[in-house]
Amino acid sequence: MRTLITLSVLQTIGIAVLVLHALREEHHPVADAHPAQSPASTSASVEAPRIDEERLRSILREELAQEHNRPVAASSPAPAPPRNPSAAELQQRDLVAQQIEAYRSVGTITDAQMQELQADIAKLDAVSRKQMLSKLTRALNTGDIKGRL
Amino acid sequence: MRMKPTRMKKGLALTVLALASSAALAGLVTDQPVTVTLNGDGSGNAAGSMTTARFSKNNVEFIGCGVRRIDDGAGGVILFAFCQAADAANVQGFCSTDNPNLIASIGDQDDFSFITFSWNAAGECRSIGNSTQSFYIPPK
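Remember, predicted model here, so these are calculated numbers, not experimental data.

Asks: Which residues make up the overall build of chain B, and what are the values?
Replies: Along the backbone of chain B there are three helices and seven strands. Secondary structure elements of chain B occur, N-terminal to C-terminal, as α-β-β-α-β-β-β-α-β-β. Split into buried and exposed, the 140 residues of chain B put 36% on the buried side. Intrachain contacts of chain B at a sequence separation of at least 6 include 50% that bridge at least 24 residues.

Asks: Hey, could you go over helix H4 (residues 111-122) of chain A for me, with residue numbers and the actual values?
Replies: Residues and elements named next belong to chain A. When the terminal C-alpha atoms of H4 are compared, their 16 Å separation across twelve residues agrees well with the 16 Å that a helix rising 1.5 Å per residue should span. Buried residues of H4: Met114, Leu117, Gln118, Ile121 and Ala122, and no others. The arc enclosing the buried residues of H4, seen along the axis, measures out at 140 degrees, which places them on a common side. When the buried face of H4 is taken as reference, the exposed residues oriented beyond 90 degrees from it are Ala112 and Glu116.

Asks: Describe the sheet that holds strand E7 (residues 125-132) of chain B, with residues and values.
Replies: All names here are of chain B. An order of E1-E2-E6-E7 is seen for the four strands of this open sheet, with the pairing classed as antiparallel. Pairing within the sheet leaves two strands with one partner each, and these edge strands are strand E1 (35-38) and E7. Pairs of neighbouring strands in the sheet enclose a mean axial angle of 5 degrees, with direction left out of account. Of the strand pairs in this sheet, E1 and strand E2 (residues 44-49) are connected by four bridges, and their pairing is antiparallel. Bridging from a neighbouring strand, Leu38 pairs with Gly44 of E2.

Asks: How would you summarise the nonpolar core if you had to cite specific residues and measurements?
Replies: Residues Leu117, Leu136 and Ile145 of chain A are the most contacted members of the largest nonpolar core, which totals 22 residues. Contributions of two or more residues to this core are made by helix H3 (87-106), H4 and helix H5 (126-142) of chain A together with strand E4 (77-86) of chain B. The biggest single contributor to this core is H5 of chain A, with five residues. Counting 18 residues, the second largest nonpolar core, distinct from the first, contains Ile63, Cys83, Ile115 and Phe117 of chain B.

Asks: Run through the pattern of salt bridges, naming residues and quoting values.
Replies: Residue and element names in this part refer to chain A. Using the criterion set out here, one finds six salt bridges over all chains in the structure. Linking Asp144 and Arg104 is a salt bridge whose minimum nitrogen-to-oxygen distance equals 2.7 Å. Separated by 40 residues along the polypeptide, Asp144 in the segment after H5 and Arg104 in helix H3 bring together distant segments of the chain. Classification of Asp144 by relative accessible area gives partly exposed; the value is 32%. Among the ionic contacts, a cluster of salt bridges with common partners joins Glu101, Arg104, Lys135 and Asp144.

Asks: Run through the layout of surface pockets, naming residues and quoting values.
Replies: The volume enclosed by the second largest pocket comes to roughly 210 Å³. Taken together, Lys130, Leu133 and Ser134 of chain A together with Ser96, Thr97, Asp98, Asn99, Leu102, Glu124, Cys125 and Arg126 of chain B make up the full set of residues lining the second largest pocket. Counting only elements with at least two residues in the lining of the second largest pocket, the list comes to H5 of chain A together with strand E5 (92-97) and E7 of chain B. Of all the elements, H5 of chain A adds the most residues to the lining of the second largest pocket, at three residues. Here the residues of the lining of the second largest pocket are counted per class, giving three nonpolar, four polar and four charged.

Conventions adopted
Residues numbered from 1 in each chain as written. Chains lettered and ligands numbered in written order. Predicted model: local features only at pLDDT ≥ 70, side-chain atom pairs only at ≥ 80, totals over all residues. Heavy atoms only, no water. Helix = DSSP H or I, 4+ residues; strand = E, 2+ residues; numbered from the N terminus. Buried < 20%, exposed > 50% of the residue type's maximum accessible area, 1.4 Å probe, protein only. Contact = heavy atoms within 4.5 Å. Expected span 1.5 Å × (residues − 1). Arc of directions from axis to C-beta. Pairing = 2+ DSSP bridges. Axes fitted to C-alpha atoms, helices over the stretch in contact; angles between N-to-C directions. Core = buried A, V, L, I, M, F, W, Y, C linked by side-chain atoms within 4.5 Å. Salt bridge = Lys/Arg side-chain N within 4 Å of Asp/Glu carboxyl O. 1 Å grid on protein atoms, 1.4 Å probe; cavity = no way out; pocket = protein on both sides within 12 Å on 5 of 7 lines; lining within 4 Å. Points joined across faces, edges and corners; volume = space filled by probe spheres on them. Nonpolar A, V, L, I, M, F, W, Y, C, P; charged D, E, K, R; others polar.

Right under this line is the structure:
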């Protein structure tokens, strides 16, 4: 208990010293510390820290912006950007799109038909697969196709 | 020694009362019916307890997520997942994703999970979450 009180008192004294030091610094800015310097050099010496501060601020801003834009799973390697689909792949995609449109016109899809459709979607290239999954999901969400994934 | 009928009845009543009270004390149970919100731009969200949906008094309510692994016929396996739900009024919400991190979260779901998911205007899942708590387990 006594040790804790001693530590607490020491901590308070330390804080008080720091506050006093900070107040003293405030009353004696950098320019006052070099009274012998010419106005030009004085302004330069004041300008230099300001530039450094600005530089530091801009670096911090850049770092923060980079951190903000960084994906959550930064440790995992970035996936390769999907390539553009070939003509044959586009043809396959169009066939799947037609299937979805056919189900849309019927208004319903059975579980077995959904399995087949998903298997066809799986055979598409990455870009087309994403597009067709999105098309199917949107049709389900709007109620144009009644069924389950 | 014969017990008087009135005393016997009292004893029986006390036993029944004791059994009934012990059955009633079974911990917290919470019903979380499925809710589905569809926004004008095509985005939306859904949430609800699997147990509440399964034992609801209607035959339309459901919620869940699934994973599809499909042989692409070229030596690879295509992986994607989906979540879907319908509330008591049969308002339905769906989303699909090929995001490995979102797909992984589906593995955390359990029979007694409270599931929540949301999607963007393209129908792509933006979040998939679950909470597995004792109060989602149905009473005995």
